[in-house]
Amino acid sequence: MLDSPAISVNRLSKSFCRDKKALNDVSLSIADGEMVALIGASGSGKSTLLRHIDGLVQGNKGSSDHRLCCIDVLGRRVQSCGKIRRDVRRTRADIGFIFQQFNLVGRLSVLTNVCMGFLGRIPAWRGAGALFTRDEKLQAMEALNRVGIADLAGQRASTLSGGQQQRAAIARTLVQRAKIILADEPIASLDPASSTRVMETLSEINRLDGITVVVSLHQVDYATKYCPRTIAMRDGEIAFDGLSDKLSHDFLVKLYGSDSEELILGRKLHPKPLPDAAQQVHKLMKHEALTHAAV
Amino acid sequence: MSTTFTLPQRPFKQSLAYYLGWGALLALLTLSWEGADMRPGELIRDSANMAKFLSGFFPPSFTEWRMYANEMLITVEVAVWGSFLAVVCSIPLGILCAENMVPWWICQPVRRLMDACRAINDMVFAMLFVVAVGLGPFAGVLALWINTMGTLAKLFSEAVEAVDPRPVEGVRATGANWLHEVVFGVIPQVMPLWISYSLYRFEANVRAATVLGIVGAGGIGQSLWENIRGFNYADTAAILIIIIVSVSMIDALSQFLRKKFV
């Protein structure tokens, strides 16, 4: 294991409007090569957290102490005290980001979309002219072959199905030679078959290439199946951080109350309203989360 | 038994605004009557004179058609170059006018500059450029260039402001810089609209270029003006027919191209 973790978030808060905090004092640490699920109901802060790690959004200023309210990725500072570092593009080049809506450029070919993964690594003028070399294009084809859609390389990205577009987006992160993949609800817009395909691809990349993967999900089934570790969020706070095996059905009901129905699809739930008990468990789990982050 | 219905009543305030609106329009038209020197009666009273004047146009005289056709060609060429230069300059300027791409202290000054280019009519620019670079089509090209650039930069920037931000963010997430975001994220999205706007402006520029010759900025306008002033209405008619045919052909071609791209 490296001295510095792949991702380290230290006491990050974010409020979009005055009274409600989207992220509240979040700290976590993810080691190199881990595959971590980030679960929580919609609006719990999963996307916001991932977007902060990639430096797409800046956190609250917090304190003036630069060791607090900061995010480091691969030992490089992404942001601290509400300011994104100027050299964030270099860090972003090492992070592959996968979006719920794929975020490919629909009018460009799949191959060009995948070649965009080179932009952070080749000279800026060559990128601006879209002058990718033959060798680079072949590497992109190899990545497309690996995710199983090499035959679609010449098509416009908008003509692909959702699952195919998401695999093209994964190919883009492969071309990027990303050391970390952040996937923001990658399967939320996909049918079950495509979802399995995408999760399997991510898991394979993690296993074979040793790439750290953080994937936000709102279905616990996928988290327990593919990710050894799960971080559960609730109302902008980390409610649980530990082994995915511990996420039993009852535990989730306790943790999320009526929200748990969203997380455990396909199972009929009748959560008993136990506000006191739920709150206690929540407190306990938050404590556990903090100790985990400190380790 | 039939049920009785009550018709929906317009609230007093709303109906007052309705009648006031019509009243205001009527007042505006009445007040402008004098100033605009409206004399509709004369159209009927002097209709005999008008008929005589119109009969001068027939039959059109095409004896000089080679010269007129050549001048029409020059007119189109002026429009081609003026439009081309305007489109090329409007690509960066359109991006620099878009609020979602640059900070306000770039966007606002560039926008004001484009407003100025647009506010002054191309005939005015043509007169100024005739003084600056001499009589001839080049002055016309410069005039169309500046005026069209002002319009296209605004239209281009509006298209840029309406792009879907998600693909742009997708490009940004690969570690790309600002220029890469523009090239890969923005331009592919706005391309169909930009082409369509450019072709529209080209059509408008062909029409505008037909009168630039009046101030000495090249093209068929000069012959048109000389024939009108010399009361050669048969030749004037021939020139007008040549203009109508050429402009219609170019409009049809441009419409065909627009459909291909959109």
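What counts, and at which threshold
- All residue numbers refer to positions counted from 1 along the written sequence of the respective chain.
- All chains are assigned letters beginning at A, and all ligands numbers beginning at 1, according to the order in which they are written.
- Local features in this predicted model are restricted to residues whose pLDDT is 70 or higher, and side-chain atom pairs enter the listing and the counts only when it is 80 or higher, whereas totals over whole chains, interfaces and linings include all residues.
- Side-chain calculation: all heavy atoms of the structure are included, whereas hydrogens and water are not.
- Runs of H or I in DSSP of at least four residues are treated as helices and runs of E of at least two as strands, each being numbered from the N terminus.
- In this treatment the radius of gyration is a C-alpha quantity, and the globule benchmark scales as 2.2 Å times the residue count to the 0.38 power.
- Throughout this description, buried means an accessible area under 20% of the type-specific maximum (1.4 Å probe, protein chains only), exposed means over 50%, and partly exposed covers the range between.
- Contacts were defined at the residue level, with two residues in contact if any of their heavy atoms lie within 4.5 Å.
- Counted as positive: Lys and Arg. Counted as negative: Asp and Glu. His and the chain ends are not counted at all.
- Think of each charge as sitting on NZ of Lys, CZ of Arg, CG of Asp or CD of Glu.
- Note on definitions: salt bridges are taken to be side-chain nitrogens of Lys or Arg within 4 Å of carboxyl oxygens of Asp or Glu.
- A 3.5 Å cut-off defines polar contacts: any pair of N or O atoms within that distance qualifies, except that in protein one atom must be a possible hydrogen donor and the other a possible acceptor, and neighbouring residues in sequence count only when both atoms are side-chain atoms.
- Excluding any residue in a salt bridge, patches collect residues exceeding 30% relative accessible area, merging like charges within 9 Å and nonpolar Val, Leu, Ile, Met, Phe, Trp and Tyr side chains within 5 Å.
- Note on areas: these come from Shrake-Rupley sampling with a 1.4 Å probe, and a residue is covered only by the protein chains present in the view.
- Pairing between strands is defined by DSSP: at least two bridges between the two strands are required.
- Under this scheme, a helix contributes an axis fitted over its contacting stretch, all axes are lines through C-alpha atoms, and angles between N-to-C directions fall in the 0 to 180 degree range.
- Here the arc refers to the directions that run from the helix axis out to each C-beta atom.
- Two parts placed together each lose some accessible area under a 1.4 Å probe, and adding up what both lose gives the buried area.
- In this count, Pro and Cys sit with the nonpolar residues alongside Ala, Val, Leu, Ile, Met, Phe, Trp and Tyr, while Asp, Glu, Lys and Arg are called charged and the others, Gly among them, polar.

Draft legend 1. Molecular detail of the overall build of chain B. Counting secondary structure elements, chain B contains eleven helices and zero strands. The helix and strand sequence of chain B, counted from the amino end, reads α-α-α-α-α-α-α-α-α-α-α. A compact globule built from 262 residues should have a C-alpha radius of gyration of about 18 Å, whereas chain B, at 25 Å, is more than 25% larger. Every one of the 262 residues in chain B was classed for burial, and the buried ones make up 40%. Partitioning the intrachain contacts of chain B with sequence separation of at least 6 by distance along the chain shows that 73% fall at a separation of at least 24. Across chain B, the 18 positively charged side chains and the 19 negatively charged ones have centroids separated by 6 Å.

Draft legend 2. Geometry of the pattern of salt bridges. All names here are of chain A. By the definition in use, this model includes 21 salt bridges over all chains. Residue Glu34 pairs with Arg229 through a salt bridge whose shortest N-O separation is 2.9 Å. Taken as a pair, Glu34 in the loop between strand S2 (23-30) and strand S3 (35-39) and Arg229 in strand S10 (residues 229-234) lie far apart in primary sequence, 195 residues in all. Its salt-bridge partner being Asp209, residue Arg146 comes within 3.0 Å of it at the nearest N-O pair. Note that Arg146 is positioned in helix H5 (residues 134-146) and Asp209 in helix H7 (residues 192-209), a separation of 63 residues in sequence. By sharing partners, the salt bridges in this structure join Glu34, Arg229 and Asp241 into a single network.

Draft legend 3. Seen up close, the side chain of A:Asn113. All names here are of chain A. Locating Asn113 in the fold gives a position in helix H3 (residues 110-115). Here Leu108 takes part through its backbone oxygen, which lies 3.4 Å from a polar atom of the side chain of Asn113. When sequence neighbours within four positions are dropped, the list of residues in contact with Asn113 reads Leu104, Val105, Leu108, Ala157 and Arg172.

Draft legend 4. Region of interest: a nonpolar patch on the surface. Residue and element names in this part refer to chain B. Among the surface-exposed residues, Tyr18, Tyr19, Trp22, Leu25, Leu28 and Leu29 lie close enough to one another that they form a single nonpolar patch of about 710 Å² accessible area. Looking at the secondary structure, you find Leu29 in helix H1 (residues 12-35). Leu29 sits in the exposed class, given a relative accessible area of 55%.

Draft legend 5. Fine view of the sheet that holds strand S6 (residues 83-84) of chain A. Residues and elements named next belong to chain A. Taking strand neighbours across the sheet as the criterion, the five strands line up as S2-S1-S4-S5-S6 in an open arrangement whose pairing is antiparallel. With partners counted over all chains shown, the strands left at the sheet margins are S2 and S6, one partner each. Across four bridges, the pairing between strand S4 (residues 70-73) and strand S5 (residues 76-80) is antiparallel. From the neighbouring strand, Cys70 faces S5, where its bridge partner is Ser80. Packed on one face of the sheet, helix H1 (residues 46-53) meets strand S1 (7-14), S2, S4 and S5 and runs near 120° to S1.

Draft legend 6. Quick peek at helix H10 (residues 221-229) of chain B. Residue and element names in this part refer to chain B. Listed in full, the buried residues belonging to H10 are Gly221, Ser223, Leu224 and Asn227. Within H10, the buried residues cover an arc of 165° as seen down the axis, which keeps them to one side. Buried residues in H10 make contact with helix H4 (65-96), helix H9 (178-212) and helix H11 (233-261). In the stretch just after H10, Phe231 is the one whose phi turns positive, near 55°.

Draft legend 7. Structural context of the interface of chain B and chain A. Taken residue by residue, the interface counts 19 residues in chain B and 27 residues in chain A. Across the chain B/chain A interface, buried area totals approximately 1900 Å², and carbon plus sulfur atoms make up 65% of it. Across the chain B-chain A interface, the total number found is one salt bridge. Residue A:Arg51 pairs with B:Glu169 through a salt bridge whose shortest N-O separation is 2.8 Å. Inspection of the region where chain B meets chain A yields five residue pairs in polar contact (both at pLDDT 80 or more). Broken down by secondary-structure element, the contributors of at least two residues to the side of chain B that touches chain A are helix H8 (165-172) and H9 of chain B. Looking at the side of chain B that touches chain A element by element, the count peaks at eight residues for H9(B). Grouping the constituent residues of the side of chain B that touches chain A by class yields nine nonpolar, seven polar and three charged.

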